[in-house]
Amino acid sequence: MYTIIESARSKTLKSLPSWSRIKRKPKILKPGKSFIFKMEPCIIMKYGIDRLVEDLIQESMARGDFENLSGKGKPLSKKMDHHNPYVDLVTHKINQVMIENGFTPEWITLQKEIREEKDIVWNCLRAARKQLGPAPLSDREAGQWQKDVDNCRTAVIMLNKKINHFNLVVPLLQKQMLLFNLEKESEHIFKEGEFRTTPEVQRNVYAKNKTDEQQTSLLSTFSSMFGF
């Protein structure tokens, strides 16, 4: 009899869903008493609710519940008119009208303006650098360069205010920007930017290049003579 009960128990366990484990514990009374088999359900979720949902989806797919759905094989509509249940109807309609009329979020507009204003400041500094000679500058040219940098300071202050506002409204942390450092940017442009060339400067550059070529040629000659 015990074998028959265990066989029935095994068949019952096999017929249960794969997402659960159901234990059946036989309970045997003291000797001389009749045999009693007590079913004690003990459902243990192995992977939690996610596993349950996944198994239900797989079972539905196996039954073909997802076949012959409306819109199957067709592209999604470009006009998404789905209503967010967490947004009231008035807000939904307002957002829809704004999108259809080309509304752009504030942070995107600010990002474009910041990029354009940075280009303006950089172009002003580059243009000022082209009016000056190579380093080291004379006292007059150094004063002129400092004056040109100071002329950009007001624009940079307004630019940094706009960057601060942008960092407050942008929804993505990785989109935030650093403030524009005028001293650092002007120093970089002064060192790397183009400068005014005069005949005297050109002669000095030519003489320097010629000296470098002679030194290189002399080193090559010594290397070939001594086998370096």
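The name given to the protein in an unreviewed UniProt entry is DnaJ homologue subfamily C member 28 conserved domain-containing protein, with Clastoptera arizonana as the source organism.

**Digging into the overall build of the protein**
When helices and strands are tallied, the protein shows eight helices and two strands. Counting from the amino terminus, the protein carries its helices and strands in the arrangement α-β-β-α-α-α-α-α-α-α. Intrachain contacts of the protein at a sequence separation of at least 6 include 56% that bridge at least 24 residues. Put simply, the protein shows about 18,400 Å² of open surface, and 58% of that area lies on carbon and sulfur atoms.

**A few points about the pattern of salt bridges**
Note that side chains of opposite charge can pair when their charged atoms are close. For the coordinates displayed, the defined rule picks out seven salt bridges. K130 serves as the salt-bridge partner of E194, at 3.8 Å between the closest nitrogen and oxygen. In this pair, E194 sits in the loop between α7 (182-192) and α8 (199-226) while K130 sits in helix α4 (residues 106-130), placing the two residues 64 residues apart along the sequence. Here E194 falls in the exposed class, since its relative accessible area comes to 57%. Residue classification places K130 among the partly exposed residues on the basis of a relative accessible area of 43%.

**Side note on the nonpolar core**
Most often, soluble globular proteins have nonpolar side chains that are buried together. In terms of nonpolar packing, the biggest core is built from 20 residues, with V121, L125, W145, F166, F180 and L182 touching the most fellow members. Within the residue set of this core, elements represented by two or more residues are α4, α5 (139-151), α6 (153-169) and α7. Considering every element that reaches this core, the biggest residue donor is α4, with six residues. Not counting residues up to four positions away in its chain, the partners in contact with W145 are L125, A128, R129, L132, L137, S186 and F190.

**Observations concerning a nonpolar patch on the surface**
There is a patch of nonpolar side chains on the surface, built from I49, V53, I57, M61, F66 and L69 and spanning about 540 Å² of accessible area. By secondary structure assignment, the location of M61 is in helix α2 (residues 48-63). The partly exposed category is assigned to M61, whose relative accessible area is 48%.

**Focus on the side chain of S60**
Mapping S60 onto the fold places it in helix α2. The class of S60 is buried, set by a relative accessible area of 16%. Leave out the neighbours within four places in its chain, and S60 touches D65 and F66.

**What to know about the packing of α4 against α5**
Two elements in contact, α4 and α5, have axes separated by 10 Å at closest approach and are oriented at 165 degrees. Judged by the angle between their axes, α4 and α5 are roughly antiparallel. Of the two possible hands of crossing, α4 and α5 adopt the one that is right-handed. Only W145, D148 and V149 of α5 make contact with α4, whose side of the interface consists of L125, A128 and R129.

**Description of the packing of α4 against α6**
Between two packed helices, what matters for the description is the angle formed by their axes and the separation of those axes. Contact geometry for α4 and α6: axes closest at 10 Å, N-to-C directions at 155 degrees. The angle between α4 and α6 places the two elements in the roughly antiparallel class. The two elements α4 and α6 meet at a crossing, and its hand is left-handed. The residues of α6 that touch α4, namely those facing E106, W107, L110, Q111, E113, I114, E117, K118 and V121, are V156, L159, K162, I163, H165, F166 and V169. A per-class count over the contact of α4 with α6 returns nine nonpolar, two polar and five charged.

**Let's talk about α6**
Taking 1.5 Å of rise per residue, the 17 residues of α6 would be expected to cover 24 Å, and the 25 Å separating its terminal C-alpha atoms lies within 8% of that figure. Among the residues making up α6, those that are buried are V156, L159, N160, I163, F166 and N167. All buried residues of α6 project into a common sector of 115 degrees when viewed along the axis, lining one side. For α6, exposure combined with an orientation more than 90 degrees from the buried face picks out T154, K161 and L168. For α6, the secondary structure elements touched by its buried residues are α4 and α7.

Reading the values: rules and limits
Residues numbered from 1 in each chain as written. Predicted model: local features only at pLDDT ≥ 70, side-chain atom pairs only at ≥ 80, totals over all residues. Heavy atoms only, no water. Helix = DSSP H or I, 4+ residues; strand = E, 2+ residues; numbered from the N terminus. Contact = heavy atoms within 4.5 Å. Areas by Shrake-Rupley, 256 points an atom, 1.4 Å probe, with all protein chains shown as cover. Salt bridge = Lys/Arg side-chain N within 4 Å of Asp/Glu carboxyl O. Buried < 20%, exposed > 50% of the residue type's maximum accessible area, 1.4 Å probe, protein only. Core = buried A, V, L, I, M, F, W, Y, C linked by side-chain atoms within 4.5 Å. Patch = residues over 30% accessible without salt bridge, like charges linked within 9 Å, V, L, I, M, F, W, Y side chains within 5 Å. Axes fitted to C-alpha atoms, helices over the stretch in contact; angles between N-to-C directions. Parallel < 35°, antiparallel > 145°, perpendicular 65-115°, else oblique. Left-handed = near helix turned anticlockwise from the far one by under 90°. Nonpolar A, V, L, I, M, F, W, Y, C, P; charged D, E, K, R; others polar. Expected span 1.5 Å × (residues − 1). Arc of directions from axis to C-beta.

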